[in-house]
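Next come the chains, spelled out residue by residue.
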Amino acid sequence: MHGGIVRQAHRRQRQAGDRAGEGANMFDNQAMQHTSLIEMTRGGTLENQHFGSVAVVNTRGDVRAYAGDPHWLTFTRSTLKALQALPFMEAGGPQHFGFTTQHVALMCASHSGEDQHVQTAQEMLEKAGQTYQVLRCGCHVPYHFEIAGKTPSPRETFDERYNNCSGKHAGFVAYCVQHGHSLDNYEAPEHPLQQAVRGTVARVVGMDAKDLKLGVDGCSAPNYAMPLSRLAFGYARLASGAADTEFGASFAQLSEAMTCHPDLVSGTGRNDLAFMQAGQGDWVTKVGADGVQVVGSKSRGEAFALKIIDANKPALFAASVEVMEQLGWLNDFQREALRPWRAQAIINARGIQVGERRAAFTLQTP
């Protein structure tokens, strides 16, 4: 019964993806299934399987390799942030307000709420003549506590600047100030800012704006679902920077900011920081909630988008490293730098190996 439910859900999702991906490069009308990307064993016996899909796409929108269903319809979550910043970039926002590359990097961030992140968000708001009270992202305990395995003191208080999306929202606020738009509901889908975001994102990924499936993200801003292949296409273009004929100047600024300041894009001990440091300026990476990751290579003109269906983070990161391995993106330094993030032995509290996390897929070519 469970397998039948999964197959029915996949058919519905695939049908939605086919509608959303109209005009995109699709293989055929046959529904494809997710594949096991990462397996976990204990005592030599299979214990867990993490299913998902991968799409590797170039700057022409061609699917170069895949695993599972490369056109699976998925919410982009925080991988969308660099593309959500495009209306501000295209309008000359950084120059208008005197934003530095650090400020641009924070617009693309899911940051940890460390001092440098909060200070950068504060600077952005000051340059726009606003305070944190206008931010409509809400407030949560900064991620750096969870990463460090700590809990905040009862005396500590936090505001919207500590939200992992505060840089994106500060950019939203600056756009509204520059264009004279209301700040009261800038996160509403019908707001001129969000209409500009939706239209621009659609242009980047090669879709009709009406085919982007609307949802609301954790920070209350609109988020969109699209086929994995379209998301990968958007990041291939982003990574290509100035070579892109439509958004070259903006892509160059965004990709440079992200690769120059990966500590602002994520934070201490975080995945995007480790990946972009290992990429040595070539990889533009962004992780999203619930099992989404995208990595673009500037030098190769390619990007891949990956979705782990059960949203398991270790599986997501291990699968991403395995994709880069199979694509031939890794040198010896990078393999070693990413070793903690990839498939590896599972060690218990006494230091005994009790199992293994291993890749279970091989990329296919169309």
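Shown above is the structure to which this text applies.
Presented here is a report on the structure given in the accompanying data block. (Residues numbered from 1 in each chain as written. Predicted model: local features only at pLDDT ≥ 70, side-chain atom pairs only at ≥ 80, totals over all residues. Heavy atoms only, no water.)

## As for the packing of aromatic side chains
Note on aromatic pairs: each is described by the distance of the centres and the angle between the planes.
Next up, step 1: Scanning the model with the defined rule gives 10 aromatic pairs in all.
Next up, step 2: Geometrically, the ring pair formed by Phe97 and Phe99 is tilted, given 5.8 Å between the ring centres and 35° between the ring planes.
Next up, step 3: Relative to Trp341, the ring of Phe275 has its centre 6.3 Å away and its plane inclined at 85°; by these criteria the two rings are edge-to-face. Placement of Phe275 in helix H13 (residues 271-279) and of Trp341 in the loop between helix H15 (332-337) and strand E10 (345-347) is noted, with a sequence separation of 66 residues between them.
Next up, step 4: Within the aromatic cluster, the residues linked to one another by ring pairs are Phe88, Phe97 and Phe99. (Phe/Tyr/Trp six-rings, centres within 6.5 Å; stacked < 30°, edge-to-face > 60°. Helix = DSSP H or I, 4+ residues; strand = E, 2+ residues; numbered from the N terminus.)

## Re the packing of helix H9 (residues 192-205) against helix H10 (residues 228-240)
Next up, step 1: Contact geometry of H9 with H10 gives a least axis separation of 8 Å together with a crossing angle of 90°. The orientation of H9 relative to H10 falls into the category roughly perpendicular. On H10, the residues touching Arg203, Val204 and Val205 of H9 are Arg230, Phe233, Gly234 and Arg237.
Next up, step 2: Here the residues of the contact of H9 with H10 are counted per class, giving three nonpolar, one polar and three charged. (Axes fitted to C-alpha atoms, helices over the stretch in contact; angles between N-to-C directions. Parallel < 35°, antiparallel > 145°, perpendicular 65-115°, else oblique. Contact = heavy atoms within 4.5 Å. Nonpolar A, V, L, I, M, F, W, Y, C, P; charged D, E, K, R; others polar.)

## A closer look at the sheet that holds strand E6 (residues 222-227)
Next up, step 1: In space, the three strands of this open sheet follow the order E4-E6-E5, with antiparallel pairing throughout. A single partner strand is all that each edge strand has here, and the edge strands are strand E4 (73-75) and strand E5 (213-216). Put simply, the sheet's adjacent strands are angled 30° from each other on average, direction ignored.
Next up, step 2: Relative to E6, E5 runs antiparallel, the two being bridged by four bridges. Across the sheet, Lys213 pairs through a bridge with Ala225, a residue of E6.
Next up, step 3: Sheet strands in contact with H9 are E5 and E6, and its direction is about 20° off that of E6.
Next up, step 4: Packed onto the sheet, H10 meets E4 and E6 and runs at close to 110° relative to E6. (Pairing = 2+ DSSP bridges.)

## Let's talk about the environment of Thr131
Next up, step 1: Tracing the sequence through the fold places Thr131 in the loop between helix H6 (115-127) and helix H7 (143-148).
Next up, step 2: Using a relative accessible area of 41% as the deciding quantity, one classes Thr131 as partly exposed.
Next up, step 3: Between the C-alpha atoms of Thr131 and Ala170, which are 39 residues apart in sequence, the distance is 9.5 Å.
Next up, step 4: Among the polar contacts listed, one links the side chain of Thr131 to the side chain of Gln133, at a separation of 2.5 Å. (Buried < 20%, exposed > 50% of the residue type's maximum accessible area, 1.4 Å probe, protein only. Polar contact = N/O pair within 3.5 Å; in protein donor to acceptor, adjacent residues only side chain to side chain.)

## Some details on the nonpolar core
Next up, step 1: Counting 68 residues, the largest nonpolar core has Leu83, Phe88, Met226, Tyr235, Leu238, Leu254 and Met258 as the members making the most contacts within it.
Next up, step 2: With eight residues, the single largest contributor to this core is H10.
Next up, step 3: Once residues lying within four places of it in the same chain are set aside, the contact partners of Met226 are Trp72, Leu73, Thr74, Thr76, Leu80, Val201, Val205, Met207, Leu212 and Leu231.
Next up, step 4: Ranked by size, the runner-up nonpolar core spans 29 residues in total, among them Leu306, Ala315, Ala319 and Trp329. (Core = buried A, V, L, I, M, F, W, Y, C linked by side-chain atoms within 4.5 Å.)

## As for the packing of helix H8 (residues 166-179) against H9
Next up, step 1: Between H8 and H9, the shortest axis-to-axis distance is 10 Å and the interhelical angle comes to 110°. When the interaxial angle is binned, H8 and H9 end up roughly perpendicular. Judged by the sense of rotation from one axis to the other, the crossing of H8 with H9 is right-handed. Two secondary-structure elements touch here, H8 through Phe172, Tyr175 and Cys176 and H9 through Leu193, Gln194, Ala196 and Val197.
Next up, step 2: For the contact of H8 with H9, the per-class residue count stands at six nonpolar, one polar and no charged. (Left-handed = near helix turned anticlockwise from the far one by under 90°.)

## Points about the state of the cysteines
Chemically, a disulfide is nothing more than a covalent bond linking the sulfur atoms of two cysteines.
Next up, step 1: Scanning the entire structure with this criterion turns up zero disulfides.
Next up, step 2: Unpaired in this structure, Cys260 has its nearest cysteine sulfur neighbour in Cys108, at a distance of 12 Å.
Next up, step 3: When its relative accessible area of 48% is taken as the criterion, Cys260 is described as partly exposed. (Disulfide = S-S within 2.5 Å.)

## Things to note about the pattern of salt bridges
Side chains bearing opposite charge may pair, as long as their charged atoms lie close to each other.
Next up, step 1: Going through the model one piece at a time under the given rule, you end up with 18 salt bridges.
Next up, step 2: Between Asp282 and Arg300 there is a salt bridge, with its nearest N and O atoms 3.1 Å apart. With a gap of 18 residues between them, Asp282 in the loop between H13 and strand E7 (283-288) and Arg300 in the loop between strand E8 (292-297) and strand E9 (302-308) connect regions that are remote in the sequence.
Next up, step 3: Since its relative accessible area comes to 35%, Arg300 is described here as partly exposed.
Next up, step 4: Salt bridges sharing partners connect three or more residues here, namely Glu322, Glu325, Asp332, Arg335 and Arg342. (Salt bridge = Lys/Arg side-chain N within 4 Å of Asp/Glu carboxyl O.)

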